[in-house]
Amino acid sequence: MVRFPRLGIAGALLVLASACYDDNSARDSDQPASSSGESAGTDATVGSGDPTDTGGSDSDSGDSPEAFEPAEPVLPRLTASQYRNAIAHLLGPGLPGLPLEPDTNPYLFYNIGATSTFISELGVQQYEEAADALARAVFTDQARREALVGCVPLSPGDGCVQNFLASFGRRAYRRPLTGAEQARWTDVATQLAEGDAWRGLQFAVAGVLQSPHFLYRVELGEPDPNDPTRLRFTGWEMATRLSFLLWNGPPDDVLLDAAGSGDLHTEAGLVAEAERLLEDPRARVALQEFFAQYLDLARLDHVARDPARWPMFSPTMTASMRTEVQLLVDDLIHRSDSDIRQLFSTRHTFVNAELAALYDIEAEGASPITFVPVDLPVDGPRAGILTLGAFLTMNAHETITSPTNRGKYVRERVLCQVIPPPPGDVDTDLGDDEDMDAQTVREKLEQHQKDPVCAGCHSIIDPPGFLFEHFDSVGGYRTLDNGYPVDASGNLDGIPLDGARDLAEALKTDPRVGRCIVNQLYRHATGRLPALSEFPALDALEQRFIKADHRFKQLLLDLVVSEAFRTVSEETDA
Amino acid sequence: MTFLIRKPPISRRTVLRGAVGGAAVALALPPLEAMFAEEARAADPSSDPIFGLFYWANGVPWHAGHGADQGANSPGGDVWTPPTLGADFTPSPLLTPLAAHKVSVATGLEPKTEVPQPDNGQSDGHMRGFMVAMTGDRIRPEGFDHPSHTLTCLRPTLDQYIAGHEQFYGNTPSRFRSLCLGVSEARFHDYGHWNAISFTGPDSPVGAIHSPAQLYSMLFDVPADLMALTRRVTLIDAVMADAEGLRGRLGGTDKQRLEAHLDHLREVQRRLDLSSGTCDIIPAAPGDSADVVARTDIMAGLLAAALNCGLTRVFSFMLSSPATTHVFNNLGVPNGMHQVCHDGQWEHVRSITEYQMLAFARLLDHLAAAVDPMGVSVLDRACVYGASEYGEGYKHSTAEMPVVLAGGAGGKLVRGYHYREQGGNLCKVHVTILRALGIDTPSYGFNGGETTEHLTGILA
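Residues numbered from 1 in each chain as written. Chains lettered and ligands numbered in written order. Predicted model: local features only at pLDDT ≥ 70, side-chain atom pairs only at ≥ 80, totals over all residues.

Another point: the overall build of chain B. Of the regular secondary structure elements, chain B holds 15 helices and 10 strands. Considering chain B as a whole, with its 460 residues, one finds that 60% of them fall into the buried category. Counting contacts in chain B only where the partners sit at least 6 residues apart, residues at least 24 apart contribute 72% of the total. (Helix = DSSP H or I, 4+ residues; strand = E, 2+ residues; numbered from the N terminus. Buried ≥ 20, exposed ≤ 12 C-beta atoms within 10 Å, placed from the backbone. Contact = placed C-beta atoms within 7 Å.)

Quick look at the structure:
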């Protein structure tokens, strides 16, 4: 069967499930939303209402084992972007882009889809066709093939062919070829050549590009000389893990050389290579990919607003909003290398002309295509990405706001809590209910909360969501909703707050924010939810994150040297 | 479409080997029943049946049969259920576009799978109705997995079950075991599995082909260099050998995922091997359109040609995906369909559903017009199951699920019959289809959905 029991372990998530149906625990407890991952069972669990599950522990890892034990291996298939990065690395840039099976992103991350989804027959066909087309494009181009191969084969299977296959194979499989593999591809290059050594190479390359050793990351480990109870990843596997984490693509030759010399089994060697990778432009792109998934920015692509209703919402607005978040992330990671949690509280941001207009601020030098750094007004309503266009817009409806969506985002994305879906038989329509005398979105929601079936969850989701009521469906500031004064008071777990700036302040000191970043990164890095036995390593990682003042690059370095990233257990039923 | 002539699939590798060896090509031909399919059908009209799945999103316009709330906000009432029963029924307004093809319908049916507690979304119409209509089973026990939002089935959807069933293709599968096509590219959200209706198993969505050009190329483009094609076939043997060492080192799901990949690769290899076996007369290269009826017209023309010349015998046709957000602005509907349903805009949902039925009719037009030399049309040979995910999308009711059975299945299905059983088991549809296709089916349905009965009156 599928591996979802493992994915289903809630890990260091705080599971709200039970609390949702508990009228009291959510509001009255200091740690209202927490219940251990184990007792809550799975992420999918809808509140079972078992009172023993709720609110008891003061730590999300309360039930975790004392000693870390590695999880079983997974078999990620390269995502479409990883495949393309690998092709560019192997064959050079400028080759045609070919259709591939779309990736899925369960639990927000494409890397999790990569370890859990089965490929379809069409997907395999597309691999076959892509391999054929790419190899043909390279080997029918004389300049290109000579640049790639580096020598001119005089006869099928000669020394030039064999040397090339060895080096190409090492790059493609991210480890040296075995003798049998070398012989196999040399054979192919000979037998399918039909007298033309180039043609033979073309087919050998097309074959390598279809091999599961290329298309999947095979990371099964080897005996750990320091600990006979577990396996460690091989040096080659560590090189792959490093580069896919930091570059979203395959290792370069330098990294493979480091693997071959054993450097990646030492902490110093790992850190040195990780630091080198982080300096490369590929790392910036890869980290943006992570944050785009963690912050769910792809949803912005599907946002539409009626220009008649929202004149400010230009066709470029969602792209501007997305760029703003990217620049902010990049600034916090690379330029200032400072506390990444400031994402949710900083008054610093980057705006172009239309964002400056949306926020009603001065931004000297900003144009439609030029973003300039600005500090949002000290006494203004905005601080942190939860007050910026991207979050506010993608979590609102076309004409009205959605405190529920905004509150849910805070719970799920920022605090790593899990909100169960509404019961199947519940009407979630907030439309024009004639029986209601509610005028504002807030009043309508409060009416719905009178239903005890809804109130369980909505009393947790909506109060932080109300804090954003001063921002309309496109993120503009407002004082009236439907002609009535906005009430942006709310609370976070019983602590009363007024407005999104209050929330930003509260999040500055909320320990769940940093813990959540650790968790999200771990899911992305491993392609799965953490197993219970890994919690001690996650706790240790979190402690190091705190000691490092929550600097994200340091978190990456701490992650790659963490035993959770370097060790693995036996595949049980191999 | 009478220009389409069935050509038996011939292994090109076999042909080329034969040619190289100087042997007569005819000796290497596939079994007689594949070569003389038309003659075989003349003897037994139900041989070589075709199965198709036509899927449209968001059910039908709600009415009192779906529930009291729905009845209270149903200005036009029930415009789906035909007013008369049995043979030669009087079509309802929404079934009128399909009347020319004498489709049969079953009304009143609903999913019978148990809803565990906590139900994890198991009772939600989108998920429960969809899964039972497609698989006869519920969604996986964890439910509508949240926040992963993956919608995962427990077993293959009906089209994939049939395409993989040994009693359907036996040892001579078509070049394509199945084709999964789509028209609207709108999706409810980006979480992955929602934009597919066909699954070969858990976590195994089969993405639909939405592009007429891509479909055309798959079906009808024969590479000029057949020798290169032969090398590609041989190359896959090497890839298989390369994967061999890996298999024994994996366990659990990883092993299954790799096995599935390699099974698919074998299928791809087999198809490459047959890829000169396209239709004798190839349709013109297609255009494209963003309009769902116009694109259906284009895709259905290619599909009918492929079915008629034996490139496949199973298809799924996803007009719109579950909970579609498609904006039918050509009908004056300003918002996505899912929203329009929940907003209770009955008239809009009626016009959208009617439009979706027009598309269904265009598909059937093409299947009826594709005729073999003996005068038998694809639609005569086919059983096309028209289905949606629930009864209606306003409140997600799974009562009164819409079911259309089009085509004659070579005489195994009665055409133009209205079967009604209020509260009847939806899996009777599956039993009917499977039996009509000659697949032994003592019972079908799972987790409470089991039934041994077919739709009496519709199964001949």
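The next thing to look at is the UniProt feature "domain: DUF1595" (unreviewed entry) in chain A. UniProt annotation of "domain: DUF1595" (unreviewed entry) refers to residues 160-219 of chain A when read in the numbering used here. Here residues 160-219 of chain A is 72% helix and 0% strand, with 30 Å between the C-alpha atoms at its ends. (UniProt positions renumbered as here; feature names shortened; annotations may be inferred.)

To continue, consider helix α11 (residues 292-308) of chain B. Residues and elements named next belong to chain B. With 17 residues, α11 should cover 24 Å at 1.5 Å per step; its first-to-last C-alpha distance of 23 Å lies within 8% of that length. With 15 of its 17 residues buried, α11 lies for the most part within the structure. Following α11 by one or two positions, G310 has its phi on the positive side, about 85°. (Expected span 1.5 Å × (residues − 1).)

The subject of this paragraph is the confidence of the model for chain A. All names here are of chain A. Across chain A, the average pLDDT comes to 86, with 86% of residues at or above 70. Here residues 1-19 is modelled with pLDDT under 50, and outside its nearest four sequence neighbours on either side it reaches 83 contacts, counting other chains as well. Contacts of residues 21-62 to residues separated by more than four positions or lying in other chains number 110 contacts, the stretch itself having pLDDT below 50. (pLDDT = per-residue confidence, 0-100.)

A separate point is the nonpolar core. The biggest cluster of nonpolar side chains holds 112 residues, and the ones touching the most others in it are L181, L303 and C383 of chain B. Counting residues per element, this core draws most heavily on helix α13 (residues 346-369) of chain B, which supplies 11 residues. With sequence-adjacent residues up to four places away left out, C383 of chain B is seen in contact with P49, F51, L405, G407, A409, L413, I433, A436 and L437 of chain B. Listed in part, the 103 residues of the second largest apolar core include Y110, M238, L556 and V560 of chain A. (Core = buried A, V, L, I, M, F, W, Y, C linked by C-beta atoms within 7 Å.)

Turning next to the sheet that holds strand β8 (residues 382-387) of chain B. Residue and element names in this part refer to chain B. Read from one edge to the other, the open sheet built from eight strands follows the order β2-β10-β3-β9-β8-β1-β7-β4, with strand pairing classed as mixed. Single-partner strands in this sheet number two, and they are β2 (86-87) and β4 (179-182). The sheet contact formed by strand β3 (residues 104-107) and strand β10 (residues 417-420) spans three bridges and is parallel. Within β10, the position partnered with T107 by the bridge is R420. (Pairing = 2+ DSSP bridges.)

Residue and element names in this part refer to chain B. Mean pLDDT over chain B: 87, with 87% of residues reaching 70 or higher. Low pLDDT, under 50, characterises residues 1-35; the stretch is placed with 69 contacts to residues that sit more than four places away or in other chains. Two summary scores accompany this predicted model of the complex, namely pTM at 0.85 and ipTM at 0.87.

This paragraph deals with the packing of helix α9 (residues 159-173) of chain A against helix α10 (residues 179-191) of chain A. All names here are of chain A. Put simply, α9 and α10 touch, their axes get as near as 10 Å, and they point 125° apart. Comparing their axes, α10 and α9 come out oblique. The chirality of how α9 crosses α10 is right-handed. Residues V161, Q162, L165, A166 and G169 of α9 pack against E181, Q182, W185, T186 and A189 of α10. Residues of the contact of α9 with α10, tallied by class, amount to five nonpolar, four polar and one charged. (Axes fitted to C-alpha atoms, helices over the stretch in contact; angles between N-to-C directions. Parallel < 35°, antiparallel > 145°, perpendicular 65-115°, else oblique. Left-handed = near helix turned anticlockwise from the far one by under 90°. Nonpolar A, V, L, I, M, F, W, Y, C, P; charged D, E, K, R; others polar.)

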